[in-house]
Amino acid sequence: MEKQSRAFEIGEIQETGERTIAASLSSEFPVQRSRGKEVLVHDQNAVDLSRAPLPLIVGHDPAELPVGVVEGLRVEGGRLRGSLRFSEGIRGQEILADVKAGILRNLSVGYVVQATERGQGDSYRVTKWQPYECSLVACPADPSVGIGRSFNPNTPQEGKTMDMNDIKREQTRCMKELEALAASGDDTESLAAKRAELADLDTRLAVLDDLAKRRGPADKVPGIGAPAGAPAIREGEVRVLAPGDKLADTCRRDLVDGIKPEELSLGRVLRGLVTGDWSGAEAEKRSVMSEGTSSLGGVLIPAPMAAQVIDLARNQAVVFRAGASTVPMTANTLKMCKVTGDMSASWREENAAITASEMSFDSLSFTAKALAAICSISIELLEDAGNVNGLIENSIAQALALELDRAALFGSGVAPEPLGLNGVVGVQSISMGDNGAALTGYSPFTLAMQKLYEKNAIPGSFVFSPRTWAAMEGLVDTTGQPLAAPASFASAPKLVSNQIPNTLHQGTATNASSIFTGAWSNLMVGMRTSLTLEASRVAGADAFSKMQVMIRAYLRCDVQVARPDHFVKIVGVIPA
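Residues numbered from 1 in each chain as written. Predicted model: local features only at pLDDT ≥ 70, side-chain atom pairs only at ≥ 80, totals over all residues. Heavy atoms only, no water.

Peer 1: What am I meant to see in the overall build of the protein here?
Peer 2: From N to C terminus, the protein includes 13 helices and 24 strands. Residues classed as buried in the protein amount to 48% of the 576 residues present. In the protein, once contacts between residues fewer than 6 apart in sequence are set aside, the share between residues at least 24 apart is 72%. For the protein, the exposed surface amounts to about 27400 Å²; the carbon and sulfur share of it is 53%. (Helix = DSSP H or I, 4+ residues; strand = E, 2+ residues; numbered from the N terminus. Buried < 20%, exposed > 50% of the residue type's maximum accessible area, 1.4 Å probe, protein only. Contact = heavy atoms within 4.5 Å. Areas by Shrake-Rupley, 256 points an atom, 1.4 Å probe, with all protein chains shown as cover.)

Peer 1: I'm lost on the pattern of salt bridges in this one. Help?
Peer 2: Side chains that differ in sign of charge can pair as their charged atoms come close. Counting across every chain of the model gives 9 salt bridges. We note a salt bridge from Arg-81 to Glu-76, for which the minimum N-O separation is 3.5 Å. Classification of Arg-81 by relative accessible area gives partly exposed; the value is 24%. The class for Glu-76 is partly exposed, based on a relative accessible area of 39%. Taken together, the shared-partner salt bridges connect Arg-74, Glu-76 and Arg-81 into one network. (Salt bridge = Lys/Arg side-chain N within 4 Å of Asp/Glu carboxyl O.)

Peer 1: Help me understand the side chain of Glu-133 in this model?
Peer 2: Secondary-structure assignment places Glu-133 in strand β10 (residues 123-137). On the basis of relative accessibility, which here comes to 6%, the residue Glu-133 falls in the buried class. Here Glu-133 is in contact with Leu-54, Pro-55, Ile-57, His-60, Ser-108, Val-109 and Gly-110, once residues within four sequence places are set aside.

Peer 1: Can you help me understand the nonpolar core in this one?
Peer 2: For soluble globular proteins, nonpolar side chains are generally found buried alongside one another. Ranked by size, the top nonpolar core spans 49 residues in total, and within it Trp-520 and Leu-523 carry the most contacts. Counting only elements with at least two residues in this core, the list comes to α5 (266-275), α7 (303-316), α8 (318-322), β15 (369-378), α10 (388-410), β21 (523-528), β22 (531-536) and β23 (548-561). Sort the elements by how many residues they give to this core and α10 lands first, with 9 residues. Beyond its immediate chain neighbours, meaning those up to four positions away, Trp-520 contacts Ala-322, Gly-323, Ala-324, Ser-325, Leu-409, Leu-421, Gly-460, Ser-461, Val-463 and Phe-567. In terms of nonpolar packing, the next biggest core, distinct from the first, is built from 28 residues, Leu-40, Val-41, Leu-80 and Leu-84 among them. (Core = buried A, V, L, I, M, F, W, Y, C linked by side-chain atoms within 4.5 Å.)

Peer 1: Could you clarify how one ought to interpret α5 in this entry?
Peer 2: Think of an α-helix as 3.6 residues a turn; residues three or four steps apart then line up on the same face. Taking burial as the measure, the 10 residues of α5 include 7 buried ones, the bulk of the element. Listed as buried for α5 are Leu-266, Gly-267, Arg-268, Val-269, Leu-270, Gly-272 and Val-274. Where α5 ends, the next residue or the one after it, Gly-276, has phi of about 80°, a positive value.

Peer 1: Where do I start with the packing of aromatic side chains in this structure?
Peer 2: The geometry of two aromatic rings is summed up by the distance between their centres and the angle between their planes. All told, the structure shown has 8 aromatic pairs when counted by the stated rule. On the basis of an interplanar angle of 65° and a centroid distance of 5.4 Å, the ring pair of Phe-462 and Phe-489 is categorised as edge-to-face. Linking Phe-462 in strand β17 (residues 462-464) with Phe-489 in helix α13 (residues 487-490), this pair joins segments that are 27 residues apart in sequence. Grouping residues by exposure puts Phe-462 and Phe-489 together as buried. Above the ring of Phe-489, the side-chain terminus of Lys-494 is found at 4.7 Å from the ring centroid. (Phe/Tyr/Trp six-rings, centres within 6.5 Å; stacked < 30°, edge-to-face > 60°. Lys NZ or Arg CZ within 6 Å of the ring centre and 35° of its normal.)

Peer 1: Help me out: how do you make sense of the side chain of Gln-130 in this one?
Peer 2: Looking at the secondary structure, you find Gln-130 in strand β10. Note on Gln-130: relative accessible area 11%, which makes it buried. Of note is the side chain of Gln-130, whose polar atom sits 3.0 Å from the side chain of Asp-48. Here the side chain of Gln-130 touches Ser-50 through a polar contact of 3.0 Å, side chain to side chain. Non-local contacts of Gln-130, meaning those with residues more than four positions away in its chain, are made with Asp-48, Ser-50, Arg-51, Gly-110, Tyr-111, Val-112 and Gln-114. (Polar contact = N/O pair within 3.5 Å; in protein donor to acceptor, adjacent residues only side chain to side chain.)

Peer 1: Hey, could you run me through unusual backbone geometry in this one?
Peer 2: Most peptide bonds take the trans form, and the phi angle of most residues other than glycine is negative. The residue after Ala-52, namely Pro-53, is reached through a cis peptide bond having omega 0°. Considering the arrangement of structural elements, one finds Pro-53 in the loop between β5 (36-40) and β6 (54-58). Cis geometry marks the peptide bond from Ala-415 to Pro-416, where omega comes out at 10°. Turning to its location among the elements, Pro-416 is positioned in the loop between α10 and β16 (428-431). The backbone of Asn-351 sits at a positive phi, close to 70°, despite the residue not being glycine.

Treat this as a map of the structure, not an account of what it does.
Here is the structure:
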């Protein structure tokens, strides 16, 4: 029986217990051997785990005592997974410290090939194999597995300066050329040179990956931050996210073939979907196609990738910047409990009964409603523009953010719109008069904060229209100097939204506007983590004749208010 080994790079350390690290030991990633490209089949019948647990050694040296064991072996998601448990001995603790420090970065699983079958071209499939040991080694061969390891095989990209994605593309190109040379079988020198080139690319990628690990992960969504490794939401669990938390962290998972969502681009998905050309976007193609398609031929964006776009929308929406909460929804409906009356405390004498107080509750029900955005773009621009990827993501996010603001503040509540803060019963109100009035000072803002304090609520941001902002900037005293604001209002956060209209009715006035403030965490937006993207060359009256593509993206969400009396709206603000 043939003995083989395949090495892979250790990625992000994931400790699952004392001296224990979770690991992905092998995958179906093809590795070039002398007889062709080898693919290890990963299913319950192919992998013989009778020798488990495996010894964990260094450098495949059988003469050296193990530094630990690999236990909990299982075939899961097309990979062999397990846990590395290091020994309590000095050697084991030294090795564990070096692994955590990123000095020892590669693992290799040794296995016995028991049965094979011929695949396509020069490839072959190992249909029966038995792992017998796992080693810490110097050189990686299988970059698709490991501890937190992923592989993004996009196609080649020319250029002298190469980042991590460029090197991955070069790896794919090099592998294809290596396959072609191996199939010809008549150019040993070129084959050796190509293998050396591939090894060099592996080393360069390891260096860049090491630098990235030491610097920490880059935040793709500025302004929306969360502790790394936030656990995904479990079935039946309800979690409320503050503005500084990422929705993407609640559904974080590696996609098909270990691809990470932050490596993908919505723009590349759209370009491939419209043009049929997925070159430079193979990872995107595999990720979205594994999720399925919509009834109109669109694609369902994987939840971790969709959540990043939704986080972009949250980052731009004024209500989230003010402090509104996000409630990830794992189903179409979600019911939560809200407090409608607070408990009170009292002092008591010795042996005296405690005075009872009533704390009242009510339900808060979310029902996901569709929020859609649609736009058109020329096919030429989609094919040729180099910056179209980021522009599409930001345009979709901006459109969704604007409508989220409008619905959260002024939604009608008539299906399919949610009911916005303006129409919620129980929100406190301050009127500028029967027919409205212009702002002449800051007393309405002071009164609004007073009302919130009386309800034990902490006043947050004031949100108003651009016209109201200009009116406040233009306030002057009797000498014509800018009117000084009270310290409480001067220090309060202020946000401007053009989703607050200046055409509201107040008595005879038809040009009134409103101002909102409150404890914004009580404004809750329930969000499904799915996003559907559809594109058509024939939708619209003349899209086909103009060579345009219609793009439609939609998500599902709802808006609820937990404590209406923790908000105040100032109504009837008209221009001077």
